[in-house]
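Reading the structure
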2 protein chains.
Amino acid sequence: MSFKPNWIEQIAPNNSYRSIFKWGDPGYFKHPNEKLYELMKETFELTDEHFKEPINPGFEEVKVDVPIKLESRHIEVFQKMLGPENVRFDDYSRVKASFGKTMFDLMRLREKRIENLPDLVLFPKDREDVVKIVKYCNDHCIAIYPRGGGSTVTRGTECVKGGVCVDFTKHMNRILKLNEINHTVTVEPGIYGPKLEQALNEAPKIFGTKHRYTCGHLPQSFEYSTVGGWVVTRGAGQNSTYYGKIEDLVVCQEYITPIGEIKTKEYPRAALGPSIDQMMIGSEGAYGLLVSVTLKIFRYMPQNDQRFSFIFPSFHSAIEACREITQAGFGFPAVMRLSDPEETEIAFRLYGVKDTILDRLISLRGMKSMERCLLLGIAQGEKNYAKNVKRQIMKIARSFGAIYTTGYVAKRWEKGRFTDPYLRDDLHDFGIIIDTLECAVAWDQVEHVYKMVREYCKKRPKTVVMSHCSHFYPQGTNLYFIFIGMFKDIEEFVEYQSGILDNIVKSGAALSHHHGVGKLFAPWFEACIGRNQLEVLRALKKHFDPNNIMNPGGTLALDLPEEKKRMIQLA
Amino acid sequence: MSFKPNWIEQIAPNNSYRSIFKWGDPGYFKHPNEKLYELMKETFELTDEHFKEPINPGFEEVKVDVPIKLESRHIEVFQKMLGPENVRFDDYSRVKASFGKTMFDLMRLREKRIENLPDLVLFPKDREDVVKIVKYCNDHCIAIYPRGGGSTVTRGTECVKGGVCVDFTKHMNRILKLNEINHTVTVEPGIYGPKLEQALNEAPKIFGTKHRYTCGHLPQSFEYSTVGGWVVTRGAGQNSTYYGKIEDLVVCQEYITPIGEIKTKEYPRAALGPSIDQMMIGSEGAYGLLVSVTLKIFRYMPQNDQRFSFIFPSFHSAIEACREITQAGFGFPAVMRLSDPEETEIAFRLYGVKDTILDRLISLRGMKSMERCLLLGIAQGEKNYAKNVKRQIMKIARSFGAIYTTGYVAKRWEKGRFTDPYLRDDLHDFGIIIDTLECAVAWDQVEHVYKMVREYCKKRPKTVVMSHCSHFYPQGTNLYFIFIGMFKDIEEFVEYQSGILDNIVKSGAALSHHHGVGKLFAPWFEACIGRNQLEVLRALKKHFDPNNIMNPGGTLALDLPEEKKRMIQLA
């Protein structure tokens, strides 16, 4: 191509807005390829001209005029408590602490619409520091906002009531124990995915274990999210179909709450009344601060990986095949990812399959454009187990009319699995918004929810809407919606996003499969789980945090003002 | 043998004490075989003479002098509410309602030490009846005790504060929906195991489904316990290693609590904050009454069952092999059951292996009496999956020095899996007590807990103590202790049992793997889970049941008087 869009390759200055909102490694860039660029121009009727000058790239130094409300005597106490190097209150630190990675955050940062800043950012060195912070804040009614990697897409860590942000990534990022006998690892909450995973992979060298291990939890945000975030949001990794969601992986934990520590024990299972662990997982910092967690680990055996991919004639046939795969009783693949027709179509375009001989061959087998669907995946585990999982999937896929398209497609997906978010910043530089919403659905609701949400999304002209299912259970799956559009302002974007959430809840799906609720989805939370159920979470809140200092200001709708509730008329 | 003990074969009269405490089918008897009889005589130094006259067989009609405290105006309200046929207050119904199947219950019934009776037994017809009962009882502070099959071994349903027993087995025992798409079944709580399992097995005929199904949950009490009991005690079936414990099987549920209904939705998984489901599972009737539950179901494919058994040279080597089996990543067998040396020894005697050629062959391979251990099991699921599980287990077992002893032993165990409790009544007729206690342990604690508890148990002279592990996880297993002894009275028995519980808690094990806590184990509960954790359960109790009408009197130590706490000095 002759024209090359002016994709930014400049490393954003430290202390700039861009350094806050840009995804991932400051020096890494993954630009849209030529085909994606062409698709964007075509979709939004743009010319090369449009891609010459980035809009609001955010290279300016962060400067805000938001006074610190916390009295200086408190600041002095924290400085004495933690050491002055572990207490920050410069503009940059405060802004960085409050913003996450949802599109609403990125838009606000680019436009410098700065709000909801903490007064201080604290970096506890260990559990004892956390005990002191929580006690002091509770005694003086100072709001506490926990923070890990800051990859929240739910405004989960936004410091709505000021106060202090407690950042676990600086010090509390250690592996406390690898227990090979019990197949568990105990870590502090601020550890990032790669540090944990690499240590487990290299466990024989580092810990002298017999086997190599994996944590089995690899969300798309893996490189820039922490174990603490995974746990308190009730997250899922892309391999959860085999390894389980985080709530399946936590063995025991410790939280520091305003009323004391909540600590569970390393039992494999028990019949000891209601599960305290499952009350704390997903509590999103509103009950207490996670200070350590023990997770299951698994043998790391990448040599046994079995990759596969298929093209199905329709979304319906592919859904049916996936259901059969999860219900047939031969175990589960680690990864499975089913793209709907629009996502499949775009994948064909972006990966250069469109209009090739391969495309024609696939079409000749009756797989029509905008009907056909791509399924890819990887089976893991012991060698024969993984082989049998693939063999059974082949058999089932074929019985539903699929064509096998080799393991190459899965391998290619694996290579890009963590880097797609980089594309988002490039497109946003030219006013193009990519955002995602996801939900969970029982099998008998999948097609209904898909249709209802997609119909709403597609009502908007010039909007790409791709969907996929990426986490599978015998009882259902998730639906992940990716939309790409141009919006005149934040308000228009928010209204569109809200409409999608309305439709997710109205359709009967769970408001979130793995992103959590945070403050962004809180207005829909009561409509989703029901008032009595929400009151249970509030009763626990009152118990753990009588002064409402833990992540206050809407988290999980625990203290959501009446007027902020999105009233949904359920069918 | 010339002498035959006077095992009772008389069907106990309706309305007799025996009809309450006898296990299972009134007309079914399974007597100790000759070898068990010889073992008992030998162990307790008894002669045939001792087995001529049963002690306290309990054939008398139940008659008690416990006045009904509930005012007659309340009784009239219930009669009008439910129909007079669904309100009982005769002596027999009241006694039957309050007693379960733990040895302490059987001893009290035989000795006619009757206490803690409900005033009424109510039989709700449906959810709406339950709503009315709970509302009325809450308005008038009348205690409610839920009841299913009554197989509790924790005094779970004992009506300590009088009031009403709500029995779900008469009417609320229906299958509400079988959803083949979602692989779920929705039932009322009062349905017994076999009714559910048979309906699932025969689903193509009954519901017109494509496949046959199983609920995958088969506790030893299967025939005489209900789904409601499984859920609210956080139970496990004998096949849980593959299918999961009940908390893994519940998809959604509805409870009626004093503050309203708590109802969750049929999602496969979600990230919607703390899990309400996991707060209600295990709540043992202290938060509300379960009125319906949706469980996962599984394809029923008995034709694929792969049975196996092994003799290991030692408990240590067998434990190590079991750990490797659960951690190797090839899936899980449905059943695995590892007997300790004493249980293995007794199995050899009872099944006639002892002193046969087979015994000598095994001994020649270095498997010594009182060191060797029996492991048996069954792999289930899709054909190749089950075959591979067995193949991998064979490989691992051999690498730990085991001899393969065919699938026959597992088949034989299967035949008797539900009928062993019948033996208990026969032995008790002659003053011999069999009782069990169980706990859960991480792998690195198994041998320590086993040693500590066993040492305590064996300090008592003339006491058989058999142990096994029967539920396996990558992180650990359970330890199940069976003791057989003669006790001079209930008090001596209780003291011995309490000492075992002391040692379970002191050793660091979870107080229960699947029996639950109830009122019997409640005095140890705080020492096991810790005060702050118990206070969380109490906070929920206060929320759901502000008047403390739901299963009051010690359940889960929620309202345990200070003096009843067993103070354990933890290491």
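Throughout this document, residue positions are counted from 1 along each chain, in the order its sequence is written. In the order they appear in the text, chains get letters beginning with A and ligands get numbers beginning with 1. The predicted origin of the model limits local features to residues at a pLDDT of at least 70 and limits the giving and counting of side-chain atom pairs to 80 or more, whereas totals for whole chains, interfaces and linings rest on all residues. The basis for every side-chain value is the complete set of heavy atoms in the structure, and neither hydrogens nor water enter the calculation.

1. Quick word on the overall build of chain A
Under the scheme used here, helices are H or I runs from DSSP no shorter than 4 residues and strands are E runs no shorter than 2 residues, and both carry numbers assigned from the N terminus. From N to C terminus, chain A includes 22 helices and 19 strands. Referenced to the eigenvectors of the C-alpha coordinate spread, the extents of chain A come out at roughly 75 × 60 × 50 Å. Buried residues are those whose accessible area, probed at 1.4 Å on protein chains only, stays under 20% of the maximum for their type, while exposed residues exceed 50% and partly exposed ones sit between those limits. When burial is assessed residue by residue, chain A has 67% of its 571 residues classed as buried. A fraction of 77% describes how many contacts in chain A between residues 6 or more apart in sequence connect residues 24 or more apart. All accessibility values rest on the Shrake-Rupley procedure with a 1.4 Å probe; residue burial counts only the protein chains present in the view. Carbon and sulfur atoms make up 52% of the accessible area of chain A, which amounts to about 20600 Å² in all. Under this rule, positive means Lys or Arg and negative means Asp or Glu; His and the chain ends count for nothing. Note that the charge is assigned to NZ on lysines, CZ on arginines, CG on aspartates and CD on glutamates. In chain A, which carries 76 positive and 71 negative side-chain charges, the distance between the mean positions of the two groups comes to 5 Å. Any two residues whose heavy atoms approach within 4.5 Å are treated as being in contact.

2. Regarding the relation of the copies chain A and chain B
When chain A is fitted to chain B, the best match, at an RMSD of 0.0 Å, comes from turning it 180° and sliding it 0.0 Å along the axis. This pairing of chains is accounted for by a two-fold axis. Scanning chain A for the C-alpha nearest the rotation axis identifies Gln278 of chain A, at a separation of 3.1 Å. C-alpha atoms of residues with pLDDT of at least 70 in both copies form the basis for the least-squares superposition of the copies.

3. So, the pattern of salt bridges
Residue and element names in this part refer to chain A. Only one rule defines a salt bridge in this text: a Lys or Arg side-chain nitrogen within 4 Å of an Asp or Glu carboxyl oxygen. Considering all chains together, one arrives at 100 salt bridges over all chains under this definition. Linking Glu61 and Lys63 is a salt bridge whose minimum nitrogen-to-oxygen distance equals 3.8 Å. With its nearest N and O atoms 3.5 Å apart, the salt bridge here joins Lys451 to Glu455. Of the two residues, Lys451 and Glu455 both sit in helix α19 (residues 446-459), 4 residues apart, roughly one turn of that helix. Note on Lys451: relative accessible area 53%, which makes it exposed.

4. Some remarks on the interface of chain A and chain B
Counting residues at the interface gives 88 residues for chain A, matched by 88 residues for chain B. Buried surface area refers to the total accessible area, computed with a probe of radius 1.4 Å, that the two partners give up upon joining, counted for both partners together. For the pair chain A and chain B, the summed buried surface comes to about 6500 Å²; carbon and sulfur atoms form 57% of the total. In terms of surface lost to chain B, no three residues of chain A exceed Arg269, Leu272 and Gln475 of chain A, which account for 11% of the buried area on that side. The closest approach of N and O atoms between Arg269 of chain B and Asp248 of chain A, which form a salt bridge, is 2.7 Å.

5. Looking at helix α4 (residues 91-98) of chain B
Judged by how many residues are buried, α4 of chain B sits mostly within the fold: 6 of 8 residues are covered. Buried-residue contacts for α4 of chain B involve α1 (17-21), β1 (87-88), α5 (103-110), β2 (120-122), β3 (144-147) and β4 (164-167) of chain B.

6. A closer look at empty space enclosed by the protein
Residue and element names in this part refer to chain A. Cavity means a closed set of points on a 1 Å grid over the protein atoms alone, one where a 1.4 Å probe fits but cannot get out, pocket means an open set with protein on both sides within 12 Å along at least 5 of 7 lines, and lining means a residue has an atom within 4 Å of a point. Grid points are joined across faces, edges and corners, and a volume is the space filled by probe spheres set on the points. Overall, the coordinates contain 4 cavities of 30 Å³ or more when judged by the stated rule. Roughly 70 Å³ of volume is contained in the largest cavity. Around the largest cavity, the lining residues are Ile8, Arg18, Lys22, Tyr28, Phe29, Lys30, His31, Tyr422, Asp425 and Asp426. Ranked by residues supplied to the lining of the largest cavity, first place goes to helix α18 (residues 420-428) with 3 residues. Any residue that is not Ala, Val, Leu, Ile, Met, Phe, Trp, Tyr, Cys, Pro, Asp, Glu, Lys or Arg is counted as polar, Gly included; the first ten are nonpolar and the last four charged. Residue composition of the lining of the largest cavity, by class: 4 nonpolar, 1 polar and 5 charged.

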